[in-house]
There are 2 protein chains.
Amino acid sequence: MQLTRQTVNQHTDQIYDVLVVGGGAAGLSAGIYLQRYLLSTLIIDKGKARSFWMQELHNYLGLPPDTPGREVLKQGKEHFLSLEGDYLNAYVEEIIDEGETFAVKVRIGRKNPTYEVFHSRYLIAGSGIIDHLPQLADMKNVFDYAGHNLHVCLICDGYEMRDQRVGVFGSSEGSLQVAFPLGWFTPHITLFTNGLFEVGHEMRERFTEAGYTLNERPIRQFLGENHQMSGVELDDSSVVELDAGLISMGSNYHADYLKGIELEYNGGNLVTDSMNRTSHPRIFAVGDLKVGMNQVVIAAADGANAATQIWRDIRRAEGTRRTAA
Amino acid sequence: MQLTRQTVNQHTDQIYDVLVVGGGAAGLSAGIYLQRYLLSTLIIDKGKARSFWMQELHNYLGLPPDTPGREVLKQGKEHFLSLEGDYLNAYVEEIIDEGETFAVKVRIGRKNPTYEVFHSRYLIAGSGIIDHLPQLADMKNVFDYAGHNLHVCLICDGYEMRDQRVGVFGSSEGSLQVAFPLGWFTPHITLFTNGLFEVGHEMRERFTEAGYTLNERPIRQFLGENHQMSGVELDDSSVVELDAGLISMGSNYHADYLKGIELEYNGGNLVTDSMNRTSHPRIFAVGDLKVGMNQVVIAAADGANAATQIWRDIRRAEGTRRTAA
């Protein structure tokens, strides 16, 4: 059931089989499988999964190619709740490994927050990442277009940008190299530094050879209407017309709550085995937080794998019978 | 586009980037990703993917929990065709590795078949498996219930069988051991040998200890109506009432066409890396044919991985630009 600040303390004495951090595609898929394995599951979600921002999923098998990401999340949450899973809107602050169980400290609410501690035997980290966006004076101007035709995922949306005039918005020389695979889809590429970093001689030559334009002026604002970005206005009031944009500024990893636990990482991503188990035997990682591609359908499969492996673990430890909840 | 026996010879001179064997969940997901990477794709499907038989998918994120498997396949095929992928109903007989390309021999049609050879640079094996079913005198009697409440997948449908009287239909002593994980969901289990194999002393004791009943008589027919199996009639006219069944008789692997190529297998399953590449650098395996769990959402993720790795390979080999088809 949906837990609330008022009802939550009825659940703090319980030891859940699994606590899932993050109610995105990976966490919800895990939750659906777990409840179907008769394992008690609590999903804690802070809101605004990365797929929530996606206006159209174009490559998820079984759904029409203009399905908004938030529809998948809505359907998944309903599905999970119909299987009697518990769901709480809250922020996970810290995980403490107590040996057989984890203590999970959460903050509920932004104004006058309350704090609770939940317990579970297993933990699934599905809290994902969020893309860094260009920092302009008026951020609403960025949010107007991000997730529409100001894309953050080349693998997802390269096809949408084919033969278009595309602006690439980077945060470092290295981040602008996404232009080369983007060049598979379109030759009309302008690279923007927003005046924030230098591009070395060698990389300039590679961009020139590829036919890309480098623009190093500070950006004043994105232009457009109805969530369709049509270009960029620079600090000297000049305008670069564009059909689409690709933001390549790295990501923020939502994994602060794991800091007290020693885990193997590759960059910011958790390393897992083929069933999504991390280097800690009772912690699994799913979706964008783990090593691998950041795709909704892969996140959903991660959830299936992690849930199944946890079921196998618990079943072997407990014997052969669990009474339906 | 949908190719037909009449139009197919317009496509036999072409070298496809990728030929996908099997239009199930894995192959269709791969095809959707491949076409969005601007790679030319031909899916060859013989019909009747395993998920086609599933009356209700209960655990696929984003779809209501009673969605028929064939709906996912229908939506996926439409999606693939809308991206201008090619699709042919035919049977793949043999693959010949020509070094840079594969020659793929197919048979089109059952009556008065015609034969064609296609060419592709990469191959995705997504032809899956099909479950062995109990062989009764009247097979229609089996088909009436299989995929309804005569299940073939414990991971998928254990939840549906919770606390029910379940018959397990095996093909060997080992295959009946699925009863132990099934015991997580229900204690009311009867094991049927159909009079076809012996069960040793040690296993009998384990079944007895677990409280399971062993029935070794030949089966005359399943009983029931409206696709709901309600029991089994044995050769002596006695009846065992059941609420559901679980078939555990192994599977047939649709991989004969790969026989001429040396590949690494684990049992009948192809071994792949994390991006679904087999031991052959230009052959990928997706879905039930590869090592891993047989789940629709995992098959769909396999397709995304294989397609993306092939795109990376081809992009690096060709340079940075492909004109949209």
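Residues numbered from 1 in each chain as written. Chains lettered and ligands numbered in written order. Predicted model: local features only at pLDDT ≥ 70, side-chain atom pairs only at ≥ 80, totals over all residues. Heavy atoms only, no water.

In terms of helices and strands, chain A carries seven helices and 20 strands. Scaling as 2.2 N^0.38, a compact globule of 325 residues should have a C-alpha radius of gyration of about 20 Å, and chain A matches this with 22 Å. Taken over the C-alpha atoms alone, chain A extends approximately 65 × 40 × 40 Å along its principal axes. Going through the 325 residues of chain A one by one, you find that 57% of them count as buried. Considering only contacts within chain A whose residues lie at least 6 apart along the sequence, 59% involve residues at least 24 apart. Here chain A displays about 13600 Å² of accessible surface, and carbon together with sulfur accounts for 47% of that area. Of the charged side chains in chain A, 29 are positive and 41 negative; the average position of the first set lies 7 Å away from that of the second. (Helix = DSSP H or I, 4+ residues; strand = E, 2+ residues; numbered from the N terminus. Rg over C-alpha atoms; globule rule 2.2 N^0.38 Å. Buried < 20%, exposed > 50% of the residue type's maximum accessible area, 1.4 Å probe, protein only. Contact = heavy atoms within 4.5 Å. Areas by Shrake-Rupley, 256 points an atom, 1.4 Å probe, with all protein chains shown as cover. Lys, Arg positive; Asp, Glu negative; His and termini not counted. Charge placed at Lys NZ, Arg CZ, Asp CG, Glu CD.)

Residue and element names in this part refer to chain A. Within the fold, Leu 57 resides in the loop between strand E3 (41–45) and helix H2 (69–82). Exposure remark for Leu 57: the relative accessible area of 6% places this residue in the buried category. Separated by 67 residues in the primary sequence, Leu 57 and Ile 124 place their C-alpha atoms 25 Å from one another. In contact with Leu 57, not counting residues within four places along its chain, are Pro 64, Pro 65, Asp 66, Thr 67, Gly 69, Val 72 and Val 296.

Residues and elements named next belong to chain A. Under the domain assignment, chain A is made up of domain 1 (2–130 + 251–318) and domain 2 (133–248). The distance between the C-alpha centroids of domain 1 and domain 2 comes to 33 Å. Across the contact, seven residues belong to domain 1 and eight residues belong to domain 2. Carbon and sulfur atoms supply 54% of the area that domain 1 and domain 2 bury against each other, a total of about 640 Å² over both sides. Between the two partners, domain 1 and domain 2, sit zero residue pairs in polar contact (both at pLDDT 80 or more). Classifying every residue of the side of domain 1 that touches domain 2 by side-chain character gives two nonpolar, four polar and one charged. (Domains from an automatic or database assignment. Buried area = accessible area lost by both parts, 1.4 Å probe. Polar contact = N/O pair within 3.5 Å; in protein donor to acceptor, adjacent residues only side chain to side chain. Nonpolar A, V, L, I, M, F, W, Y, C, P; charged D, E, K, R; others polar.)

Okay, the state of the cysteines next. Residue and element names in this part refer to chain A. Applying the stated criterion across every chain, the model contains two disulfides over all chains. Across the disulfide, Cys 153 is cross-linked to Cys 156 (sulfur-sulfur distance 2.2 Å). Measuring handedness by torsion sign, the sulfur bridge of Cys 153 and Cys 156 sits at about 70 degrees and is right-handed. For the pair Cys 153 and Cys 156, a shared accessibility class is recorded, and that class is buried. (Disulfide = S-S within 2.5 Å.)

Below, the discussion takes up the sheet that holds strand E12 (residues 213–215) of chain B. Taken in spatial order, the five strands of this open sheet run E9-E16-E10-E11-E12 (chain B), and their pairing is parallel. Two strands in the sheet have a free side with no partner beyond their single neighbour: strand E9 (150–151) and E12 of chain B. (Pairing = 2+ DSSP bridges.)

It is worth spelling out the interface of chain B and chain A at this point. It is common to give the size of an interface as the accessible area lost on bringing the parts into contact. Each side of the interface is counted separately: chain B has 58 residues, and chain A has 58 residues. Area buried by chain B at its contact with chain A is led by Arg 36, Leu 61 and Trp 184 of chain B, which between them contribute 21% of it. Of the charged contacts in the structure, one is a salt bridge between Glu 160 of chain B and Arg 36 of chain A, with a shortest N-O distance of 2.8 Å. Linking chain B with chain A are 12 residue pairs in polar contact (both at pLDDT 80 or more). Put simply, the parts of the chain that give the side of chain B that touches chain A at least two residues each are helix H1 (25–36), helix H2 (69–82), helix H4 (154–157), helix H5 (179–182) and helix H7 (296–318) of chain B. Across the side of chain B that touches chain A, the residue classes break down as 33 nonpolar, 15 polar and 10 charged. (Salt bridge = Lys/Arg side-chain N within 4 Å of Asp/Glu carboxyl O.)

Residue and element names in this part refer to chain A. The strand order E9-E16-E10-E11-E12 describes an open sheet built from five strands, whose pairing is parallel. Looking along the sheet, the strands with just one partner apiece sit at the ends: strand E9 (150–151) and strand E12 (213–215). Where strand E10 (residues 166–170) meets strand E16 (residues 244–248), five bridges bridge the pair, whose relative direction is parallel. Bridge pairing in E16 places Val 166 opposite Ala 244.

Residues and elements named next belong to chain B. The pairing of strand E13 (residues 219–225) with strand E14 (residues 228–234) spans six bridges and is classified as antiparallel. Bridge assignment links Glu 225 to a residue of E14, and that residue is Gln 228. What sits between E13 and E14 in their antiparallel hairpin is a turn of two residues, with Asn 226 showing a positive phi close to 50 degrees.

Next up on the list: H1 of chain B. All names here are of chain B. Between its terminal C-alpha atoms H1 stretches 17 Å, which fits the 16 Å expected from 12 residues at 1.5 Å a residue. Extensive coverage of H1 is indicated by the burial of 12 of its 12 residues. Listed in full, the buried residues belonging to H1 are Ala 25, Ala 26, Gly 27, Leu 28, Ser 29, Ala 30, Gly 31, Ile 32, Tyr 33, Leu 34, Gln 35 and Arg 36. One or two steps after H1, the chain reaches Leu 38, where phi turns positive at roughly 65 degrees. (Expected span 1.5 Å × (residues − 1).)

As recorded in UniProt, the sites labelled "domain: FAD/NAD(P)-binding" (unreviewed entry) are residues 16–303 of chain A. A helix fraction of 20% and a strand fraction of 31% characterise residues 16–303 of chain A, whose end C-alpha atoms lie 17 Å from each other. (UniProt positions renumbered as here; feature names shortened; annotations may be inferred.)

Attention now moves to the side chain of Arg 282 of chain A. Residue and element names in this part refer to chain A. Inspection of the secondary structure puts Arg 282 in the loop between strand E19 (269–270) and strand E20 (283–285). Looking at Arg 282, its side chain comes within polar contact range of the main-chain oxygen of Gly 99, at 2.5 Å. Engagement of the side chain of Arg 282 in a polar contact is seen with the backbone oxygen of Glu 100, the distance being 3.4 Å. When residues no more than four places from it in sequence are discounted, the contact partners of Arg 282 are Asp 97, Gly 99, Glu 100, Thr 101, Phe 102, Arg 121, Tyr 122 and Leu 123.

On to the pattern of salt bridges, then. Residue and element names in this part refer to chain B. Taken as a whole, this structure holds 34 salt bridges over all chains when the rule is applied. With its nearest N and O atoms 3.0 Å apart, the salt bridge here joins Arg 165 to Asp 243. Within this pair, whereas Arg 165 is found in the loop between H4 and strand E10 (166–170), its partner Asp 243 is found in the loop between strand E15 (239–241) and strand E16 (244–248), the two being separated by 78 residues in sequence. Arg 165 gets classed as partly exposed once you look at its relative accessible area, which sits at 35%. For Asp 236, the salt bridge goes to Arg 217, with nearest N and O atoms at 3.4 Å. Here Asp 236 is found in the loop between E14 and E15, whereas its partner Arg 217 is found in the loop between E12 and E13, with 19 residues between them in sequence.

Residues and elements named next belong to chain A. Residue position: Asn 149 is located in the loop between helix H3 (139–143) and E9. Here Met 229 takes part through its backbone nitrogen, which lies 2.8 Å from a polar atom of the side chain of Asn 149. Among the polar contacts made by the side chain of Asn 149, one reaches the main-chain carbonyl oxygen of Asp 243 at a distance of 3.0 Å. Not counting residues within four places of it along the chain, the set of residues in contact with Asn 149 comprises His 227, Gln 228, Met 229, Asp 243, Ala 244 and Gly 245.

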